[in-house]
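Architecture at a glance
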Amino acid sequence: MVEPREAWLARLAHKAELRARAGLRRRLAPRGTGDRVLDLAGNDYLGLSRHPAVLAAATDALSAYGLGATGSRLVRGSTAVHADLEAALAGFLGTGSALVYSSGYLANLGAVRALVQPRTLLVSDAHNHASLIDGCRASGAEIAVVPHADIRAVETTLSTRGNRPAVVVTESVFSVDGDLVRLAGLHAACRRYGAQLLVDDAHGMGVIGPSGAGGVAAAGLSGEPDVVVTMTLSKAFGAAGGVVAGPAELAAHLVDTGRTFIYDTGLPPAVAAGARAALELIRAGDGLRAELHERAALVGKRLTNHEVSEPDAGVISVTAPGPEAAVAWAAACLERGVAVGCFRPPSTPDSRSRLRLTINVGVPRADFEHALDVIAETAP
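Reference entry: report on the structure contained in this document. Note that this is a predicted model, so its numbers are computed, not measured.

Rules and cut-offs
Residues numbered from 1 in each chain as written. Predicted model: local features only at pLDDT ≥ 70, side-chain atom pairs only at ≥ 80, totals over all residues. Heavy atoms only, no water. Helix = DSSP H or I, 4+ residues; strand = E, 2+ residues; numbered from the N terminus. Contact = heavy atoms within 4.5 Å. Areas by Shrake-Rupley, 256 points an atom, 1.4 Å probe, with all protein chains shown as cover. Lys, Arg positive; Asp, Glu negative; His and termini not counted. Charge placed at Lys NZ, Arg CZ, Asp CG, Glu CD. Axes fitted to C-alpha atoms, helices over the stretch in contact; angles between N-to-C directions. Parallel < 35°, antiparallel > 145°, perpendicular 65-115°, else oblique. Left-handed = near helix turned anticlockwise from the far one by under 90°. 1 Å grid on protein atoms, 1.4 Å probe; cavity = no way out; pocket = protein on both sides within 12 Å on 5 of 7 lines; lining within 4 Å. Points joined across faces, edges and corners; volume = space filled by probe spheres on them. Nonpolar A, V, L, I, M, F, W, Y, C, P; charged D, E, K, R; others polar. Buried < 20%, exposed > 50% of the residue type's maximum accessible area, 1.4 Å probe, protein only. Pairing = 2+ DSSP bridges. Arc of directions from axis to C-beta. Phe/Tyr/Trp six-rings, centres within 6.5 Å; stacked < 30°, edge-to-face > 60°. Core = buried A, V, L, I, M, F, W, Y, C linked by side-chain atoms within 4.5 Å.

1. Concerning the overall build of the protein
In terms of helices and strands, the protein carries 14 helices and 11 strands. Oriented by its inertia axes, the alpha-carbon framework of the protein measures out at about 55 × 55 × 50 Å. Within the protein, contacts between residues separated by at least 24 positions form 72% of all contacts whose residues are at least 6 apart in sequence. If you sum the accessible surface of the protein, you get close to 17200 Å²; carbon and sulfur atoms cover 54% of it. Between the centroid of the 36 positive side chains of the protein and the centroid of its 38 negative side chains there is a distance of 5 Å.

2. As for the packing of helix H3 (residues 80-93) against helix H11 (residues 269-283)
Where H3 meets H11, the axes come as close as 9 Å, and the angle between the chain directions of the two elements is 30 degrees. Our classification of the angle between H3 and H11 gives roughly parallel. H3 and H11 meet at a crossing whose hand is left-handed. Between H3 and H11, the residues in contact are Val81, His82, Asp84, Leu85, Ala88, Leu89 and Phe92 and Pro269, Ala272, Ala273, Ala275, Arg276, Leu279, Ile282 and Arg283, respectively.

3. Focus on the layout of surface pockets
The computed volume of the largest pocket comes to approximately 1700 Å³. At the level of secondary structure, the elements contributing two or more residues to the lining of the largest pocket comprise strand S1 (38-40), helix H13 (323-335) and strand S10 (338-343). Considering only residue class, the lining of the largest pocket consists of 17 nonpolar, 11 polar and 12 charged. In this model, the second largest pocket occupies a volume close to 530 Å³. For the lining of the second largest pocket, the element with the most residues is helix H4 (residues 104-115), which contributes 4 residues. A per-class count over the lining of the second largest pocket returns 13 nonpolar, 14 polar and 6 charged.

4. Considerations on the pairing of strand S9 (residues 315-319)
The element S9 is largely enclosed, with a buried count of 5 among its 5 residues. Across the two faces of S9 the burial is the same, with Val315, Ser317 and Thr319 and Ile316 and Val318 all buried. Judged from the 5 bridges that link them, S9 and strand S11 (residues 354-358) form a sheet pairing that is antiparallel. For Val315, the partnering residue across the bridge sits in S11 and is Thr358.

5. Things to note about empty space enclosed by the protein
On inspection of all chains with the given rule, the structure shows 5 cavities of 30 Å³ or more. In this structure, the largest cavity occupies an estimated 80 Å³ of space. Lining the largest cavity are 13 residues; nearest its centre among them are Asp125, Val146, Val154, Thr170 and Leu186. Take the lining of the largest cavity: its biggest share by element is 3 residues, from strand S5 (residues 166-171). For the lining of the largest cavity, the class distribution of residues is 10 nonpolar, 1 polar and 2 charged.

6. Examining unusual backbone geometry
The backbone of Arg119 shows a phi angle near 75 degrees, a positive value even though the residue is not glycine. Residue position: Arg119 is located in the loop between H4 and strand S3 (121-125).

7. Overview of the sheet that holds S5
Strands sit in the order S2-S8-S7-S6-S5-S3-S4 across an open sheet of 7 strands; the sheet is mixed. Two strands lie at the open edges of the sheet, namely strand S2 (97-101) and strand S4 (142-146), each paired on one side alone. Strand-to-strand twist in this sheet, taken as the mean axis angle between neighbours without regard to direction, amounts to 20 degrees. Bridge count for strand S6 (residues 196-200) against strand S7 (residues 227-232) is 4 bridges, and the pairing is parallel. Residue Leu197 lies in a different strand from S7, and its bridge partner there is Val227. Sheet contacts for H4: S2, S3, S5, S6, S7 and strand S8 (242-246); angle to S7, the most-contacted strand, approximately 165 degrees.

8. Here we look at helix H5 (residues 130-139)
Regarding H5, the residues found buried are Ser131, Leu132, Gly135, Cys136 and Ser139. Buried residues along H5 cover an arc of 140 degrees about the axis, so they all sit on one side. Within H5, the exposed residues directed more than 90 degrees away from the buried face are Arg137 and Ala138. Taken together, the buried residues of H5 touch H4, S3, S4, S5 and S6. Looking at the residues trailing H5, positive phi occurs at Gly140, about 80 degrees.

9. Here's the deal with the packing of aromatic side chains
For the structure on display, the rule yields 1 aromatic pair. Between Tyr101 and Phe261, the aromatic rings sit 5.4 Å apart at their centres with planes inclined by 70 degrees, giving edge-to-face as the arrangement. Of this pair, Tyr101 sits in strand S2 while Phe261 sits in helix H10 (residues 259-262), and the two are 160 residues apart along the sequence. Phe261 carries the same exposure label as Tyr101, and that label is buried.

10. So, the nonpolar core
A general tendency of soluble globular proteins is for nonpolar side chains to be buried together. With 86 residues, the main nonpolar core has Leu89, Val168, Phe237, Val340, Leu357 and Ile375 as its most contacted residues. For this core, the leading source of residues is H11, giving 8 residues.

11. Points about the sheet that holds S1
As summarised here, the arrangement of the 4 strands in space is S1-S10-S11-S9, forming an open sheet in which the pairing is mixed. Two strands bound the open sheet, and with one partner strand each, they are S1 and S9. Put simply, the sheet's adjacent strands are angled 35 degrees from each other on average, direction ignored. Summarising the sheet, S1 and S10 pair through 3 bridges and their orientation is parallel. Paired with Leu38 across the two strands is Val338, which belongs to S10.

Now the structure itself:
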């Protein structure tokens, strides 16, 4: 029987009602240019999105190249700005190559697919970001989901796979609770069992590691031939776009075969130029990183009556009683001029709702401390 033309809309409305009852509705909240909210929700860790040098570089490229890339990277979407950014990123990360995508999501999808061979087993951390999960699913490979940050479980899974190829997929700093995985130990397990390691360093890049080179660099794994790094330019870089970094052979493979690279319009040159300027600020940003870590440590000290995650980088979670309480808490903060992240299932891997706070050193210190007071005072 063919579904009536209006029935599919009724079906969607019913699903929306069920989500509303469960406290899982989501709403867009556009912000204007005059927005004065104290931002503890975005990912502009080092406050570079509005840095004068970043804006100047983007403005110059906007005048030179226009608004968009005008095509895929293989048609007309590659510019000298893209090539310069990729070369600089490869040098910064200590890899043979770096390939820039229009988003971190597409970079992760492309990287996972590129590492899959026939019969590959993907060993995925239970707390991995949705883009890694979707990349694993889209690859068509068998997936083994292991308990979060459990290296022994990874070893057990690898030891029982037989002679099949395997790739261990993880984040460096996890995006919900902000905890840092023990990458050196995880890599040792991979090396012991002949597996590759794919690390999404999105929340570590710019924030930890020598000169802010991320979690992989902090673990001493830069340039290792069995390690592939993905990252986004939308967090500490204050820009947009994604990156896959690894051996030069991997970049060649992605350019030749990677569907999320070949068939997508390139990153706008102005954004690439802004990210390139941000890279130099990150290299010289030890003072910014020190301030970020001081503020992260302050969160637990100021919110002593709440369950607060350990601040390994710039992400801290504060547990809420449930999804509706988390929504109400975030709304109360916003009413008093403080924006916080509100994470609920299915965005949380453990069905636990929480506020997610992200440190932005572009927010004046006094305002940051005031924001923590607001969070404490509005708690359910």
